[in-house]
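Summary of the model geometry
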Amino acid sequence: MEKNILITMFGHEKLLALSIDAEFEDAQIIAYKFFFRNMNELLMNAEDEILKYYLEVIEEYRERLGEKFADKMAPVISNKEELSKLIEPKRLLFPMVFDERVRQVGLLLESTWEPEHGLAVKFEDEKIVEVGYQDIVL
C-alpha cells in the first residue's frame, strides 16, 4: 500500500510517500499506530540524529568532493535548520519484519552529499537505532 502524507521536518512541511510492504502484518499495524501517535517527537529526534550523523561524516565527503563541489554538496553547517537545504524526505516505510515483537519504521531521504545511496533513519520500537545509507531500511 502507498499513499502520500504531509510531515514537518526542519521547519518545513514536506509531502512524502507512505509505504507498507506486502500485506498488513500485525507488527506493521502496531508500528504504524505507535509511530503516528508520537510522530512529531520522533521526527524531531530524527532531525537531531541526522545532524549528528552529518557532522560525523562531513569532512570525509568534503575531501572526496574536492573544492569545486564541497561547499555546494556538503557545506559546513552548524545547526539542523541548515540541513533543510541539503536533504529531502521522500518516503516513510513500514517494512515486513521477521520478529513480530519489533516495531520497525524507515525514513528515507535524498541528500546532496550522497545522491547515489541516499540517507535513511531506522527506527525500532520508536527509537532511532541507525542513520546511514538507505539500504539500512530497504
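Relevant structure appears above.
Residues numbered from 1 in each chain as written. Predicted model: local features only at pLDDT ≥ 70, side-chain atom pairs only at ≥ 80, totals over all residues. Heavy atoms only, no water.

**A look at the overall build of the protein**
Helix and strand content of the protein: two helices and six strands. Taking 2.2 N^0.38 as the reference for a compact globule, 138 residues should give roughly 14 Å; the C-alpha atoms of the protein span a radius of gyration of 15 Å, in line with that estimate. Overall size of the protein, expressed as C-alpha extent along the three principal axes, is 50 × 25 × 25 Å. Counting all 138 residues of the protein, 49% fall into the buried class. (Helix = DSSP H or I, 4+ residues; strand = E, 2+ residues; numbered from the N terminus. Rg over C-alpha atoms; globule rule 2.2 N^0.38 Å. Buried < 20%, exposed > 50% of the residue type's maximum accessible area, 1.4 Å probe, protein only.)

**Quick word on the sheet that holds strand β3 (residues 87-94)**
For sheets, the rule is that strands pair by backbone hydrogen bonds, running either parallel or antiparallel. Across the sheet, which stays open at both edges, the six strands sit in the order β1-β2-β3-β4-β5-β6 with mixed pairing between neighbours. Each edge of the open sheet carries a strand with a single partner, namely β1 (2-9) and β6 (127-132). Going from strand to strand, the sheet's axes swing by 25° on average, the running direction of each strand aside. Where β3 and strand β4 (residues 104-111) come together, six bridges link them in antiparallel fashion. Looking at the pairing, Arg-91 lines up with Leu-108 of β4. (Pairing = 2+ DSSP bridges. Axes fitted to C-alpha atoms, helices over the stretch in contact; angles between N-to-C directions.)

**With respect to empty space enclosed by the protein**
Tallying each qualifying case throughout the model produces one cavity of 30 Å³ or more. Considered as a void within the structure, the largest cavity measures approximately 40 Å³ in volume. Every residue lining the largest cavity is listed: Ala-31, Phe-35, Arg-103, Gln-104, Val-105, Phe-123, Asp-125 and Glu-126. Of all elements in the fold, only α1 (26-37) and β4 reach the threshold of two or more residues within the lining of the largest cavity. Partitioning the lining of the largest cavity into residue classes produces four nonpolar, one polar and three charged. (1 Å grid on protein atoms, 1.4 Å probe; cavity = no way out; pocket = protein on both sides within 12 Å on 5 of 7 lines; lining within 4 Å. Points joined across faces, edges and corners; volume = space filled by probe spheres on them. Nonpolar A, V, L, I, M, F, W, Y, C, P; charged D, E, K, R; others polar.)

**Let's talk about the nonpolar core**
Counting 35 residues, the largest nonpolar core has Phe-35, Ile-50, Leu-83, Leu-92, Leu-107 and Trp-113 as its most contacted members. Counting residues per element, the ones that place at least two in this core are β1, β2 (12-20), α1, α2 (39-73), β3, β4 and β5 (119-124). Here the element with the most residues in this core is α2; it accounts for eleven residues. Phe-35 has contacts with Leu-42, Leu-43, Leu-92, Phe-94, Val-105 and Phe-123, leaving out every residue within four places of it along the chain. In terms of nonpolar packing, the next biggest core, distinct from the first, is built from five residues, Leu-93, Leu-108, Ala-120 and Ile-136 among them. (Core = buried A, V, L, I, M, F, W, Y, C linked by side-chain atoms within 4.5 Å. Contact = heavy atoms within 4.5 Å.)

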